[in-house]
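# Coordinate inspection notes
The lines below spell out each chain.
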Amino acid sequence: MTVHAIKLPILRMPYPVRVNPHLPTLHEETENWAREMGMLASDEAPSAHRAVWTLSQFHAMAVDQLTAWALPDASLADLRLNHQFNLWALAWDDYFASAFKKTGDLAGAQVFTARLHAFLPPEPGARLPEPTNAVERGMADLQQRLFPPRLAHWQQGLNRALARYIDAGVQELANSRAGRVPDLIEYAQFRRESFAAYTAPYSVELSTGARIPEQIRHSRTVGALLDAFMDYMGLANDIASYQREVHDEHDVNNLVIVLETSLGITVQEAMHAAADLVTARLRHFEHLAQSELPPLVQRAELNRGERIELEVWLRGACSFLAGLHAWYTGAPRYAPADDPFQEQRTSHAGIPRHHEVLTRSTYA
């Protein structure tokens, strides 16, 4: 079965898409930082050793829209910072694919990744190496601005999450070179790392200014909720990016391929099974938020301020998922190269789809 004969399922998304009011400003300046870091070429012929994207490739990603959809309540300053963080994550992904995945250069990928670890220090104020490429330059710049005093608690956790992200790239390449399709149980955990999903709770906090209260942060219920939150992101992405990853990049690290191999089913059956799994993870997130968090909040005796903060963070998490879903289904990055509707995707990418209404507050 060819990729064009495979019908992509429509994924359920119960939360409404909201757009950050600062999107027009972000759209006007979206190229600035990418050019400063050397990620964006001045012509249509980027080199793996110079720029990461051509101008057309850059705008096809619609990262400004992703950021404004996922973080509708962020201030302009926080929106800019998260936009640049998103650009860096995608720059690493595309640079790594071009420089190492397409060539099968595992040794080069290991050297590149080991050096990039030096740009993720566990403690603030560490001296960083001199950047030699756009990916290193972008991370060196972000390290100077990601951890102001109000976000100092991020330093170890966020850099640890980023280290897991770049290390997962090496493992993905090793899997592809060996033709080793990950086991289904193994893959669920691995995908949180390879999608950089462990960074998402920090983005929600940046957008909302709210944290999950410390009294319940390390509970089983919150841990399960965060797992479901992160699983939706990466596993839904596997469906949206199936053609680009599997057919264009010959990658074996994709939920559809994992299900096809693990269960011995057809690609189309695996696509539907993947959609069912993604929906199940989203429903589990909803169940935990609506049914298991309220009694936990009562047992922990959170005060009104803490309950409101939790509610704000959860609303931000729902907006984050809705924004990602809108991006997956609207950005040209995820359309097949010869998709007859790609022009429509581009022209309408700024218009959010309608979704079911978010349920009312449970905690405040």
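What you see is a predicted model, and the numbers here were worked out from it, not measured in a lab.

Calculation criteria
Residues numbered from 1 in each chain as written. Predicted model: local features only at pLDDT ≥ 70, side-chain atom pairs only at ≥ 80, totals over all residues. Heavy atoms only, no water. Salt bridge = Lys/Arg side-chain N within 4 Å of Asp/Glu carboxyl O. Buried < 20%, exposed > 50% of the residue type's maximum accessible area, 1.4 Å probe, protein only. Helix = DSSP H or I, 4+ residues; strand = E, 2+ residues; numbered from the N terminus. Expected span 1.5 Å × (residues − 1). Arc of directions from axis to C-beta. Contact = heavy atoms within 4.5 Å. Polar contact = N/O pair within 3.5 Å; in protein donor to acceptor, adjacent residues only side chain to side chain. Phe/Tyr/Trp six-rings, centres within 6.5 Å; stacked < 30°, edge-to-face > 60°. Lys NZ or Arg CZ within 6 Å of the ring centre and 35° of its normal.

### Quick notes on the pattern of salt bridges
Counted under the stated rule, the structure contains 18 salt bridges. We note a salt bridge from Arg180 to Glu186, for which the minimum N-O separation is 3.0 Å. A relative accessible area of 37% means that Arg180 is categorised as partly exposed. Its relative accessible area of 32% is what places Glu186 among the partly exposed residues. Ionic pairing is found between Asp231 and Arg192, a salt bridge with its closest N-O pair at 2.7 Å. Taken together, the residues Asp231 in helix H11 (residues 220-240) and Arg192 in helix H8 (residues 184-194) connect sequence positions 39 residues apart. Look at the salt bridges and you will find they share partners, linking Arg192, Asp227, Asp231 and Arg281 into a network.

### Focus: helix H5 (residues 106-117)
Helix length check: H5, at 12 residues, gives a terminal C-alpha distance of 17 Å against a target of 16 Å (1.5 Å per residue), a fit within 8%. For H5, the set of buried residues is Leu106, Gly108, Ala109, Phe112, Thr113 and Leu116. Looking down the long axis of H5, one finds its buried residues gathered within 155 degrees of arc, a one-sided arrangement. Of the exposed residues in H5, those oriented more than 90 degrees away from the buried face are Val111 and Ala114. Next to the buried residues of H5 lie helix H4 (76-101), helix H6 (134-143) and helix H7 (154-178). N-capping of H5 is provided by Asp105, with a side-chain oxygen placed 2.8 Å from the backbone N of Gly108.

### Things to note about the packing of aromatic side chains
The description of two aromatic rings rests on the distance between their centres and on the angle between their planes. In the structure shown here, the tally under the stated rule is 15 aromatic pairs. Seen in terms of ring centroids, Trp92 and Phe96 are 5.1 Å apart; in terms of plane orientation they differ by 25 degrees. Their pairing is stacked. With Trp92 and Phe96 both in helix H4 and four residues apart, this pair spans about one turn of that helix. Considered together, Trp92 and Phe96 belong to a single accessibility category, that of buried residues. One aromatic cluster is present, built from ring pairs that chain together Trp88, Trp92, Tyr95, Phe96, Phe100, Phe112 and Tyr165. Across from the ring centre of Tyr198, 4.0 Å away, lies the NZ or CZ of Arg164, which sits over that ring.

### Digging into unusual backbone geometry
Look at Ala196: it is not a glycine, yet its phi comes out positive at around 65 degrees. Summarising the element assignment, Ala196 is placed in the loop between H8 and helix H9 (200-208). Residues other than glycine seldom take positive phi values, yet Glu301 does so here, at roughly 55 degrees. Assignment of secondary structure puts Glu301 in the loop between helix H14 (267-300) and helix H15 (304-330). According to the relative accessible area criterion, Glu301 is exposed, its value standing at 67%.

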